[in-house]
Amino acid sequence: MAAVEEVGRALDGFVERFAAEPRLKAMTAGWDRTIEVRSDDQGERFWLRVEGGVLRHLSAPAGTPEMVMSARSDLLRDLFAGRISPTEPYLTGDLRLIASEADIMRLDVITLMLWGE
Amino acid sequence: MCRAFCLSRLSCKVAEGGRGLKRVVSVSLGSSRRDHTARAVLFGEDMEVSRRGCDGDLERAIALVAELDGHVDAIGLGGLDVYLFIRGERYVISDGMRLMQAASRSPVTDGSACKRHLEPAAVRWLAAHGPFPLDGAKVLMVSALDRFGMAEALTEAGCAMTYGDLMFATGVPYPIHSLDELAEIARKMAREMVKLPIHMIYSVGVSQEASPEARFPEAYRDADVIAGDFLFIRRFLPPDGLDGKAVLTNTTTAADRELLRTLGVRYLITTSPVLEGRTFGNNVMEAALCAALNKVPEKLTEGDFGEALRAADYRPAVIDLASGEQGG
């Protein structure tokens, strides 16, 4: 199990990487979403908000989240830190996403733009 | 003897009494309603070519490939790719590979080699002999990662390119305008995307026959030429704004041609040659070449394709939808 702070730091790092990739602003244009990240083993929740092409790490939810992501804390930490890709844990069921297929695909693209080879 | 695609050495073999009818079956993830069987002389061999649609059911397709294995001369896989070739890198689509590995005796082809060799040749022919200038033409490729050879050839021909892979495959509003950026994004994404279930990557089964739902219609309207896989082009066609444009694709049906005509499209160019009045998909062409040469797809060389194209005096089919005249 990862510490709560470790997951939080990984999310902050993800936000920084997002801001440093200018193409993501265009790629998320018109795609305003709140993503709730649930750490199953910690019982913690985190929130990310994309709006106007900018990604922020929120301390409280902004409205009802359009996407809910849940996994073990160590997997979430490694995922947002770019140590693992989301595809395999998603396919094995270790990473669960409640969202439309189109939103899942968009999030996959964002992650791969940041962490792909 | 057939006029088209008669390789001289193969023609001789037939004349000497080759071993007779060869069977090629295309197993498709598309609808079974378009199943058919045809006889044609391909690559100098008398062939029976069948299409067997599996209505988007991957497990059914795997079972069918296993059932056909060893009983037919070659199997083509339609409606999906197994391999994507991007600047020397090969990416393997997981579900496609499951399908390919269901056979161990009959050669199995996905048409990717045919795309690499035949489609660039089609573009070069079009640049030299086509009914409109390619140099300077604005081209929208709805998907280029599955036909990088065509993308390279269009760029070499001087086209102003828009690659719509992110737009149409993932809904991300990001047109790509250079081959370098396309290759860079492919490197980031392809290795992971190929692991996704096939229905997340391709339109399969009845979804192939659904009415078009316009996506990024301005990209279609802004282009002079719309290129790429026809199922993909069709899926996102806008209802208007296509007057006078050209569509460059692989194979189409009579219904597809009528749809394009009613939308005002002027030229339809299909890279698959018309052989004895029919066009065959890339996977079928590649399977037929394997069957004719008794080769597995991995052993097909650029020279094999080159010889076949030269023997056939290859050219794509160009249809003027306004007049109904066919050239090429």
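Residues numbered from 1 in each chain as written. Chains lettered and ligands numbered in written order. Predicted model: local features only at pLDDT ≥ 70, side-chain atom pairs only at ≥ 80, totals over all residues. Heavy atoms only, no water.

**Observations concerning the side chain of K22(B)**
Residues and elements named next belong to chain B.
1) Next: Relative to the assigned elements, K22 resides in strand β1 (residues 22-28).
2) Next: Within the buried core, K22 has no salt-bridge partner, and the shortest N-O distance to an opposite charge, that of E45, equals 4.3 Å.
3) Next: Setting aside chain neighbours within four positions, we find K22 in contact with E45, D46, M47, E48, D73, A291, A292 and N294. (Helix = DSSP H or I, 4+ residues; strand = E, 2+ residues; numbered from the N terminus. Buried < 20%, exposed > 50% of the residue type's maximum accessible area, 1.4 Å probe, protein only. Lys, Arg positive; Asp, Glu negative; His and termini not counted. Salt bridge = Lys/Arg side-chain N within 4 Å of Asp/Glu carboxyl O. Contact = heavy atoms within 4.5 Å.)

**Side note on the environment of V225(B)**
All names here are of chain B.
1) Next: By secondary structure assignment, the location of V225 is in strand β10 (residues 225-227).
2) Next: Sequence separation between V225 and A322 is 97 residues; the distance between their C-alpha atoms is 16 Å.
3) Next: Look past the residues within four positions of V225 in its chain and what remains in contact with it is F132, K138, V139, L140, A246 and L248.

**Thoughts on the domain arrangement of chain B**
All names here are of chain B.
1) Next: The domains assigned to chain B are domain 1 (22-110 + 280-314) and domain 2 (115-274 + 320-327).
2) Next: Counting residues at the interface gives 28 residues for domain 1, matched by 36 residues for domain 2.
3) Next: Of all residues in domain 1, R87, N282 and Y314 give up the largest surface area on contact with domain 2, accounting jointly for 25% of the area buried on that side.
4) Next: Across the contact surface, domain 1 and domain 2 share three salt bridges.
5) Next: The salt bridge involving D81 is made with K115; its shortest N-O contact spans 2.6 Å.
6) Next: Counting across the interface, domain 1 meets domain 2 through seven residue pairs in polar contact (both at pLDDT 80 or more).
7) Next: Looking at the side of domain 1 that touches domain 2, the elements with two or more residues in it are β5 (83-86), β6 (89-92), α3 (94-100), α12 (282-293) and α13 (302-311). (Domains from an automatic or database assignment. Buried area = accessible area lost by both parts, 1.4 Å probe. Polar contact = N/O pair within 3.5 Å; in protein donor to acceptor, adjacent residues only side chain to side chain.)

**Side note on the nonpolar core**
1) Next: Ranked by internal contacts, the top residues of the largest apolar core, which has 99 residues, are F80(A), V27(B), L77(B), M141(B) and L154(B).
2) Next: Two domains each put at least three residues into this core: domain 1 (22-110 + 280-314) and domain 2 (115-274 + 320-327) of chain B.
3) Next: Counting 27 residues, the second-largest nonpolar core is a separate cluster that includes V49(B), A121(B), F280(B) and L300(B). (Core = buried A, V, L, I, M, F, W, Y, C linked by side-chain atoms within 4.5 Å.)

**As for the side chain of D229(B)**
Residues and elements named next belong to chain B.
1) Next: With respect to the element layout, D229 can be found in the loop between β10 and α10 (230-235).
2) Next: Although D229 is buried, it makes no salt bridge; R147 carries the closest opposite charge, 4.3 Å away.
3) Next: Other than its neighbours up to four places away in sequence, D229 contacts V142, S143, D146, R147, T249 and N250.

**Thoughts on the pattern of salt bridges**
Residues and elements named next belong to chain A.
1) Next: Throughout the structure, instances matching the rule amount to 34 salt bridges over all chains.
2) Next: With its nearest N and O atoms 2.6 Å apart, the salt bridge here joins E36 to R38.
3) Next: Residue classification places E36 among the buried residues on the basis of a relative accessible area of 4%.
4) Next: Relative accessible area serves as the criterion here: at 34%, R38 is assigned to the partly exposed category.

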